[in-house]
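Here are the chains, one letter per residue:
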Amino acid sequence: MAFWLFKSEPGCFSWQNLAESPGRTTAWDGVRNYQARNFMKAMRLGDQGFFYHSGNDPAIVGIVRVVREAYADHTALDPENPHFDPRATPEKPIWEMVDVQLEAAFPQPLRRRDLAAFPELADMELMRRGSRLSVQPVSPEAFAFICALAGGGGRP
């Protein structure tokens, strides 16, 4: 099993939106970065990831599970969609997406600025200055550490 982090602006698609989605499942569409797309192509059924609210007060708010492996992102083909890409065709869609399902909400969001205080998380892509990847890998150790923080009152 691999671990990931999925970033979303709460104003675009929030944890609450996921909770209200049919089956508490959504397609993670609209990713327009080749490296993030390649990470999604590497995902397998059952992989887990953090749902991360970016924006004014960025925080990890819960855990999702990959329930459908990478497939063509149809939003790239829709000229009415903000994620439209005129280079994409049905034969060569360029962009892919996965489906994720809400697995567990954290009792309290874990804010990025608080997570940055832990040296155990210093190597996370999320902690790198200027990191903008909307989908990124998380090491098993960092995943376990953050899960322990979420359920352990601030210390793993």
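The model shown is predicted, which means the values in this text are computed figures rather than measured ones.

**Some words on the confidence of the model for the protein chain**
Regions with low pLDDT carry predicted coordinates that are not meant to be interpreted in detail.
Piece 1. Summary statistics for the protein chain give a mean pLDDT of 94 and a share of 97% for residues scoring 70 or more.
Piece 2. Strand 2 (residues 25-27) holds the highest mean pLDDT among the elements of the protein chain, 98, whereas helix 4 (residues 140-151) holds the lowest, 95.

**Topic: the sheet that holds strand 3 (residues 48-53)**
Piece 1. Reading across from one edge, 2-5-4-3-1-6 is the order of the six strands in this open sheet, with mixed pairing throughout. At either end of the open sheet lies a strand with only one pairing partner, and these are strand 2 and strand 6 (135-138). Neighbour-to-neighbour, the strand axes of the sheet open up by a mean angle of 35 degrees, direction not taken into account.

**Topic: the UniProt feature "domain: EVE" (unreviewed entry) in the protein chain**
Piece 1. Here, UniProt's "domain: EVE" (unreviewed entry) annotation points to residues 2-148.
Piece 2. Between the end C-alpha atoms of residues 2-148 the distance is 17 Å, and the span holds 19% helix and 33% strand.

**Digging into the pairing of strand 4 (residues 59-72)**
Piece 1. With six bridges joining them, strand 3 and strand 4 adopt antiparallel strand pairing. From the neighbouring strand, Y52 faces strand 4, where its bridge partner is I60.
Piece 2. Hairpin connection of strand 3 to strand 4: five residues between the antiparallel strands, including G55 at a positive phi of 110 degrees.
Piece 3. In terms of strand pairing, strand 4 meets strand 5 (residues 96-111) through ten bridges, oriented antiparallel. Bridging from a neighbouring strand, I63 pairs with A104 of strand 5.

**So, the side chain of D85**
Piece 1. Here D85 shows up in the loop between strand 4 and strand 5.
Piece 2. A polar contact of 2.7 Å, which involves the side chain of D85, links it to the side chain of W95.
Piece 3. Not counting chain neighbours up to four residues away, the residues in contact with D85 comprise A76, I94 and W95.

**Overview of the packing of aromatic side chains**
Piece 1. Per the stated rule, a full pass over the model turns up nine aromatic pairs.
Piece 2. When the centroid spacing of 4.3 Å and the interplanar angle of 25 degrees are considered together, the rings of F3 and F143 count as stacked. Highlighted residues: F3 in strand 1 (residues 3-8) and F143 in helix 4, separated in sequence by 140 residues.
Piece 3. According to the relative accessible area criterion, F3 is buried, its value standing at 14%.
Piece 4. Relative to F145, the ring of F118 lies with its centre 5.3 Å away and its plane at 70 degrees, an arrangement referred to as edge-to-face. Placement of the pair is F118 in the loop between helix 3 (112-115) and strand 6 and F145 in helix 4, with a sequence separation of 27 residues. Each of the two residues, F118 as well as F145, counts as buried.
Piece 5. Connected via pairs of aromatic rings, a cluster forms that spans F3, F50, F106 and F143.

Cut-offs used in this document
- Residues numbered from 1 in each chain as written.
- Predicted model: local features only at pLDDT ≥ 70, side-chain atom pairs only at ≥ 80, totals over all residues.
- Heavy atoms only, no water.
- pLDDT = per-residue confidence, 0-100.
- Helix = DSSP H or I, 4+ residues; strand = E, 2+ residues; numbered from the N terminus.
- Pairing = 2+ DSSP bridges.
- Axes fitted to C-alpha atoms, helices over the stretch in contact; angles between N-to-C directions.
- UniProt positions renumbered as here; feature names shortened; annotations may be inferred.
- Polar contact = N/O pair within 3.5 Å; in protein donor to acceptor, adjacent residues only side chain to side chain.
- Contact = heavy atoms within 4.5 Å.
- Phe/Tyr/Trp six-rings, centres within 6.5 Å; stacked < 30°, edge-to-face > 60°.
- Buried < 20%, exposed > 50% of the residue type's maximum accessible area, 1.4 Å probe, protein only.

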